[in-house]
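As a plain string of letters, each chain reads:
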Amino acid sequence: MPQITYREAIRHALAEELTRDPNVVVMGEEVAQFNGAYKVTDGLLATFGPTRIVDTPISEAGFIGLGVGASMLGIRPVMELMFWSFYSVAFDQILNNAANVRYMSGGQINCPIVIRGPANGGTSVGATHSHTPENVLANHPGVKVVVPATAYDAKGLLKSAIRDNDPVFFLENTILYGDKGEVPEAEYVIPLGKADVKRVGTDLTIVTYGRCVIHSLKAAEVLAKDHGISVEVVDLRTIRPLDFDTVLASVKKTNRVLIVEEQKPFASVGTQLAYMIQREAFDDLDGPIHRLATIDAPAIYSPPVETEQLPNPGRVIKAVLAAMA
Amino acid sequence: MSKKPSAIADTKAESAVKATDYALAPINAALSSTQRIELYRTMIRIRRFEERSLRAYQGKNPSGGTNIGGFLHLYIGQEAVAVGCCSLMGKNDHVITAYRDHGHAIAVGMDTKPLMAELYGKITGCSKGKGGSMHYFAPDKNFWGGHGIVGGQVPLGTGLAYALKYQGKKGAAMAFMGDGAVNQGAVHEAYNLASLWNLPVVFVIENNGYSMGTSQARSSAGQLAKRAEGYDMAWGQCDGHDVYEVRALMDKHLTLAREQSRPSTVEIDTYRYRGHSVADPDNTYRTKAEIEEYRNKKDPIQVSLHKLLAEGVLTEASADKIDAEARAEAESAADFADASPYPTPDDIQKDVYWESDHPAERKSEGRLFFD
Ligand SMILES: Cc1ncc(C[n+]2csc(CCOP(=O)(O)OP(=O)(O)O)c2C)c(N)n1
Ligand SMILES: [Mg+2]
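Residues numbered from 1 in each chain as written. Chains lettered and ligands numbered in written order. Predicted model: local features only at pLDDT ≥ 70, side-chain atom pairs only at ≥ 80, totals over all residues. Heavy atoms only, no water.

Novice: I'm lost on the overall build of chain B in this one. Help?
Specialist: Each helix and strand in chain B was counted, giving 14 helices and seven strands. Since a compact globule built from 371 residues should have a radius of gyration of about 21 Å, the 21 Å found for chain B is in line with a globular shape. Judged by the C-alpha coordinates and their principal axes, chain B covers about 60 × 50 × 45 Å. Counting every position in chain B, which comprises 371 residues, the buried fraction comes to 57%. (Helix = DSSP H or I, 4+ residues; strand = E, 2+ residues; numbered from the N terminus. Rg over C-alpha atoms; globule rule 2.2 N^0.38 Å. Buried < 20%, exposed > 50% of the residue type's maximum accessible area, 1.4 Å probe, protein only.)

Novice: What should I look at first to understand the domain arrangement of chain A in this one?
Specialist: All names here are of chain A. Entries for chain A in the domain assignment read domain 1 (3-182) and domain 2 (196-324). For domain 1 versus domain 2, the separation of C-alpha centres amounts to 26 Å. Together, the buried faces of domain 1 and domain 2 total about 2000 Å²; carbon and sulfur atoms form 54% of this surface. Among the residues domain 1 hides against domain 2, the three largest losses belong to Ser124, Asn135 and Val147. Together they make up 23% of the total. Counting every contact that joins domain 1 to domain 2 gives two salt bridges. (Domains from an automatic or database assignment. Buried area = accessible area lost by both parts, 1.4 Å probe. Salt bridge = Lys/Arg side-chain N within 4 Å of Asp/Glu carboxyl O.)

Novice: Looking at this model, I keep getting lost on the sheet that holds strand S9 (residues 196-199) of chain A. Mind explaining?
Specialist: Each strand in a sheet pairs with its neighbour through backbone hydrogen bonds, running either in the same direction (parallel) or in the opposite one (antiparallel). All names here are of chain A. With mixed pairing, the five strands of this open sheet are ordered in space as S9-S11-S10-S13-S14. At either margin of the open sheet sits one strand with a lone partner, and together these are S9 and strand S14 (290-292). Strand-to-strand, the axes of this sheet are offset by a mean angle of 25 degrees, without reference to chain direction. Relative to S14, strand S13 (residues 257-260) runs parallel, the two sharing three bridges. Bridge pairing in S14 places Ile259 opposite Arg291. (Pairing = 2+ DSSP bridges. Axes fitted to C-alpha atoms, helices over the stretch in contact; angles between N-to-C directions.)

Novice: Got a minute to help me understand the site of ligand 1 in this structure?
Specialist: All names here are of chain B. Around ligand 1 sit 15 residues, and of these Tyr99, Arg100, Asp179, Gly180 and Asn208 come closest. In the model, an oxygen atom of ligand 1 is placed 2.9 Å from a nitrogen or oxygen of the Asp179 side chain. A distance of 3.1 Å separates an oxygen atom of ligand 1 from a polar atom in the backbone of Ala181. When ligand 1 is considered free in solution it has 590 Å² of accessible area, and contact with the protein chains removes 72% of it. Along the lines of polarity and charge, the residues of the shell around ligand 1 split into six nonpolar, seven polar and two charged. (Near = heavy atom within 4 Å. Polar contact = N/O pair within 3.5 Å; in protein donor to acceptor, adjacent residues only side chain to side chain. Areas by Shrake-Rupley, 256 points an atom, 1.4 Å probe, with all protein chains shown as cover. Nonpolar A, V, L, I, M, F, W, Y, C, P; charged D, E, K, R; others polar.)

Novice: Explain the coordination of the magnesium ion (ligand 2) here, please?
Specialist: Note on metal geometry: ideal angles are 109.5 degrees for four donors arranged tetrahedrally and 90 or 180 degrees for six donors arranged octahedrally. Residues and elements named next belong to chain B. Donor atoms from the polypeptide that coordinate the magnesium ion (ligand 2) comprise Asp179 (OD), Asn208 (OD1) and Tyr210 (O), at 2.1 Å from the metal. Positions of the donor residues of the magnesium ion (ligand 2), expressed as sequence spacing, correspond to D-x28-N-x1-Y. Here Asp179, found in the loop between strand S2 (173-178) and helix H8 (185-196), pairs with Tyr210, found in strand S4 (residues 210-211); they are 31 residues apart in sequence, far enough to count as distant. (Donors = N, O, S within 2.8 Å, 3.2 Å for Na, K, Ca; no water.)

Novice: Would you mind showing me how to read the pattern of salt bridges here?
Specialist: A pair can form between side chains of opposite charge whenever their charged atoms are brought close. Residues and elements named next belong to chain A. Inspection of every chain in the model, using the stated rule, returns 46 salt bridges over all chains. One salt bridge connects Lys155 with Glu16, and the closest N-O pair in it is separated by 2.6 Å. Here Lys155 is found in helix H6 (residues 151-163), whereas its partner Glu16 is found in helix H1 (residues 6-20), with 139 residues between them in sequence. Lys155 gets classed as buried once you look at its relative accessible area, which sits at 2%.

Novice: Can you help me understand the pairing of strand S6 (residues 234-239) of chain B in this one?
Specialist: A regular strand places its side chains on the two faces of the sheet in alternate fashion. All names here are of chain B. A large share of S6 lies buried, amounting to five of its six residues. Sheet topology places S6 next to strand S7 (residues 264-269); six bridges connect them, and they run parallel. Bridge pairing in S7 links Asp239 to Asp269. Handedness of the crossover joining S6 and S7 through helix H10 (residues 243-260) is recorded here as right-handed. (Right-handed = clockwise from strand over helix to strand, strands pointing away.)

What follows is the structure, given as structure tokens:
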């Protein structure tokens, strides 16, 4: 199977869906002529032309609102946020208009928009550019939230997101863009809301998603080799809808849980997971639910310290050892 | 790409012409007597609907509870704007507005029964009791709401125009907003995108002089529509108390959108007689005398009635009959709303996701809802 990068996988998904459906439009800052701020959309303008690949001014509220309006009339806009961090200036369009229009119209209107872009810390760009808003987004009924960790997942999930009739928010990761993974040449889609057990284990379940999957897999290697601990890694892939059955099955098998997330701890995705695990698997737990999150402060700039603020393999190992103690 | 904001600049001078002349503008001269009467009828239907809704708001239902909750922003006094604009709609023309949306909803042809039922929070409401007064929608009538956040609907309206252009349809979107909304950033982002991309949208500022309790003089620098010039857009301004005048100006702007795919901004002067919403005591920011002045001299329904009587299109008797029918319609809308059932708690989680409403076609897995 060919090895391609996470970035290329996303690009291939865009190209395939642009080819399949003439209503798909890719829009955002620097997506066309500049070939993408992170080169995700590299070459799409040359292939699909300026009607399908559209450069916007720096007007997130304006162009995302425009996408929401266009989607009500049947366009399938795939909007790129240069950073998901910039969602704050388009909050009203994203979470009032896209999220609520179906409900407030009594189900008469759909909003099949995709908003995608990177949402991560770890690149020394400071607090304004390092937000991870998946918890904030997923707090809004009516929306779907996807956070892929691998090239294979990113491609299959983005194709599903573009075909979905509800608004889907797709959170990528600048640090993963260059990571290679096996991606089949034949077309495939991955349904939203399906978790993936990325490593099978017996002693403890790590529930995680996004780049923390990669950290957790690295930690699991070390834990197996040096500590004889067998860790199962469940990658949620989609935050909402949530494949909680896969989480439950794993917890019932290992009886111990660590949630690993690149989120600020308060009211995070992990908070919700912890509630659900205790509610539905209380009797299966051999110990309290543990969590490893970002250290609770705005993202620090200082490069080596930021690495420590975020979850990383070393911190995951420590957290697992604490949970096993 | 048109670069001079001059296409419709002469309309300002035109609006200085005596109001009665607007009946002679080609778009109005072409109206049959029946069509003239329909314009009048729609305005009076809006007025009677809203008066009835206000009585319902102030009254109690048979079990002693409230009929209508929350906000009720009445359009009374502004009817000629929505009726004039929406009367020009062709099959590819679309409308979006803010929360003061009852007039637009009736003007695009929505049935008043589900509109009243929506106010009552009933399942028979146009949004199944899920939207309320501020959130009316009728995609089958090209009406895309009904939006509660000041200015937030304007990028959406621009997106409707984008879709028309993308799909090669010859039509226009009308994005209505209040005089207060022009100070929202989203509106300016939308102006720029519309002009930059040559989108067929008309931004309609309904200038009723106040944003809640703040007068235009206390909130906005400069002439509102003139801000269009900064975006190389044409703009026009007119008096909104005469439905013919509204139509005469809007016809030009809609034509610019449909024929040349150029956006423009229109500022229509109007006035609301009632408070901002029903909870506004309306005694802090304007005088009773000012309200009376408008009511007595510029009421759009009276202006229209006098013209139709003078034109011989209506008689006192036929006008009375239209009014009686409008009152009866409002009354039966209230009866319908009153007699309709509320949604049940089981309805709360319907209409959230397309997928949860279409389980047979659902492609995603996992839990969509949480408790
Ligand atoms: C973003 C936002 N800020 C404030 C409000 C509260 N609010 C609702 S209507 C209104 C006044 C708006 O006035 P205008 O745009 O002139 O419209 P009008 O009410 O006169 O039709 C305000 C302040 C709101 N709904 N949304
Ligand atoms: Mg106003």
